[in-house]
Amino acid sequence: MKVTNDIKYIGVNDHQVDLFEGQYIVPRGMAYNSYVIVDEKIAVMDTVDVRFGDEWISNLKAELGERKPDYLIVQHVEPDHSANIGRLIEEFPDAVMVGNAKTFAMIGQFYGLGDARKLIVKNGDSLELGKHILKFVFAPMVHWPEVMVTYDETDKVLFSADAFGKFGANDVEDPEGWACEARRYYFGIVGKYGMQAKNLLKAAAGLDISIICPLHGPVLSENLGYYIDLYDKWSGYTPETKGVLVAYTSVYGHTKEASLYVAERLKEGGCPKVKAVDLARSDWAENVEDAFRYDQMVLATTTYNMDIFPFMRQFIDHLTERNYQNRKVALIENGTWAPAALKVMREMLSKCKNVVETETSVTIKSAMTDENKAALDKMAEELLAAYK
Ligand code: FEO
């Protein structure tokens, strides 16, 4: 598949993967992208997942005919992109691996390959293929420390590694468009490293880019401002959409009832968007995505072993480890004899920067009372004030 006259797509689609990176459901599969730049010298951009070596090599050979690759640029050593480095070296022993010092340390740890030919580059170095000049820009922690992106000055193409990637194979249409699965991917995988993603955007702002070639998801060639603006918001932890995520756990339905009650009051009050989710019965990564998408959140959970219900603990951990910040939250607890969930949730959220709690919090002792309902009405009013 052609990206430009000299750049071809040689990646693969995966419809067998059960959990991407061992934890993310991918109902529409996954794409491992790889590209080849054909010039006087030939450069292959990354490899693909271990299970797709044959298909990938065959895609590469179909583009090259009798020619052989001179370079394999390794932008990211995570095995979804590096697992076939050895396979390429086996087929083309004269090919030179291009990476930085950290790249080669990791390649050694995963694959050995001590005898393979190497070119070690530094941040800002260039590599000339003929008319194409590749510039390497280091992007540490987007998503591993060795990551670098590559800018082709001739065709104005940014090979962006994991940045601008999404869940989903490239051979099935995503009815939700690009942003939904790109946001779930970003906050799940890169969310913790907003500052580093922002640094990459700053470096990219100085480049004249016509096409973005990520390692997952579609090649982006139109309306690049749309994608870059979203990445700017996401990496800055700026809410993207006005609305409230109501995230709850419930054992016998009473906490659920309170959560849906407050969600209804929010809807009636004209809240731009309300989404209520049962944390035990929904995709955690989608819930994390929504927590970062909206500007406010209600958390409702039961006291459990003098702690909080495990699905809520795990959810808050997912948020705090990804630097959840700049949001308003409202808290609801339930406890029949010694409610402790408010205290535990507050302690967990105290690590977050600029997370403000509503004045109203609600304690339910088993089943909701009229007094609880009045307090939930007040909580809804406080949240709705942001949209008046
Ligand atoms: Fe797609 Fe961080 O690997």
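The structure under discussion appears in the preceding block.
What this report covers is the structure whose coordinates are included nearby.

Parameters at a glance
- Residues numbered from 1 in each chain as written.
- Predicted model: local features only at pLDDT ≥ 70, side-chain atom pairs only at ≥ 80, totals over all residues.
- Heavy atoms only, no water.
- Helix = DSSP H or I, 4+ residues; strand = E, 2+ residues; numbered from the N terminus.
- Buried < 20%, exposed > 50% of the residue type's maximum accessible area, 1.4 Å probe, protein only.
- Areas by Shrake-Rupley, 256 points an atom, 1.4 Å probe, with all protein chains shown as cover.
- Lys, Arg positive; Asp, Glu negative; His and termini not counted.
- Charge placed at Lys NZ, Arg CZ, Asp CG, Glu CD.
- Pairing = 2+ DSSP bridges.
- Axes fitted to C-alpha atoms, helices over the stretch in contact; angles between N-to-C directions.
- Core = buried A, V, L, I, M, F, W, Y, C linked by side-chain atoms within 4.5 Å.
- Domains from an automatic or database assignment.
- Contact = heavy atoms within 4.5 Å.

### Here's the deal with the overall build of the chain
- Across its full length, the chain holds 12 helices and 22 strands.
- Along the first, second and third principal axes, the C-alpha atoms of the chain reach 80 × 40 × 35 Å.
- The proportion of buried residues among the 388 residues of the chain is 56%.
- Roughly 16,300 Å² of accessible area belongs to the chain as shown, and the carbon and sulfur atoms make up 49% of that amount.
- Here the chain contributes 43 positive and 57 negative side-chain charges, whose respective centroids are spaced 4 Å apart.

### Remarks on the sheet that holds strand β9 (residues 96-99)
- Taken in spatial order, the six strands of this open sheet run β1-β6-β7-β8-β9-β10, and their pairing is mixed. Each having just a single partner strand, β1 (7-9) and β10 (117-120) make up the two edges of the open sheet. Adjacent strand axes in the sheet meet at a mean angle of 25 degrees, parallel and antiparallel pairs treated alike.
- Examined bridge by bridge, β9 and β10 share four bridges and lie parallel to one another.

### Comments concerning unusual backbone geometry
- With phi around 65 degrees, Asp46 is a residue other than glycine that occupies positive phi space.
- Relative to the assigned elements, Asp46 resides in the loop between β7 (42-45) and α1 (53-64).
- Exposure remark for Asp46: the relative accessible area of 1% places this residue in the buried category.
- Its identity as a non-glycine residue notwithstanding, Phe164 has a phi of 65 degrees, on the positive side.
- Here Phe164 is to be found in the loop between β14 (157-159) and α5 (178-190).

### Regarding the nonpolar core
- Formed by 92 residues in total, the largest nonpolar core has its most connected members in Trp178, Leu299 and Phe315.
- If one sorts the elements of this core by residue count, α5 sits on top with eight residues.
- Domain assignment of the residues forming this core places at least three in each of domain 1 (7-235) and domain 2 (241-387).
- Once residues lying within four places of it in the same chain are set aside, the contact partners of Phe315 are Leu245, Ala247, Leu279, Asn287, Val288, Ala291, Met297 and Leu299.

### Description of the environment of Glu91
- Relative to the elements of secondary structure, Glu91 occurs in helix α3 (residues 85-91).
- Those residues in contact with Glu91, other than ones at most four positions away along the chain, are Ile57 and Lys61.

### Let's talk about the environment of Asp155
- Here Asp155 is to be found in the loop between β13 (148-152) and β14.
- With 149 residues separating them along the chain, Asp155 and Asp6 place their C-alpha atoms 8.6 Å apart.
- If near-sequence neighbours (up to four positions away) are discounted, Asp155 is found in contact with Thr4, Asp6, Ile7, His132 and Ser210.

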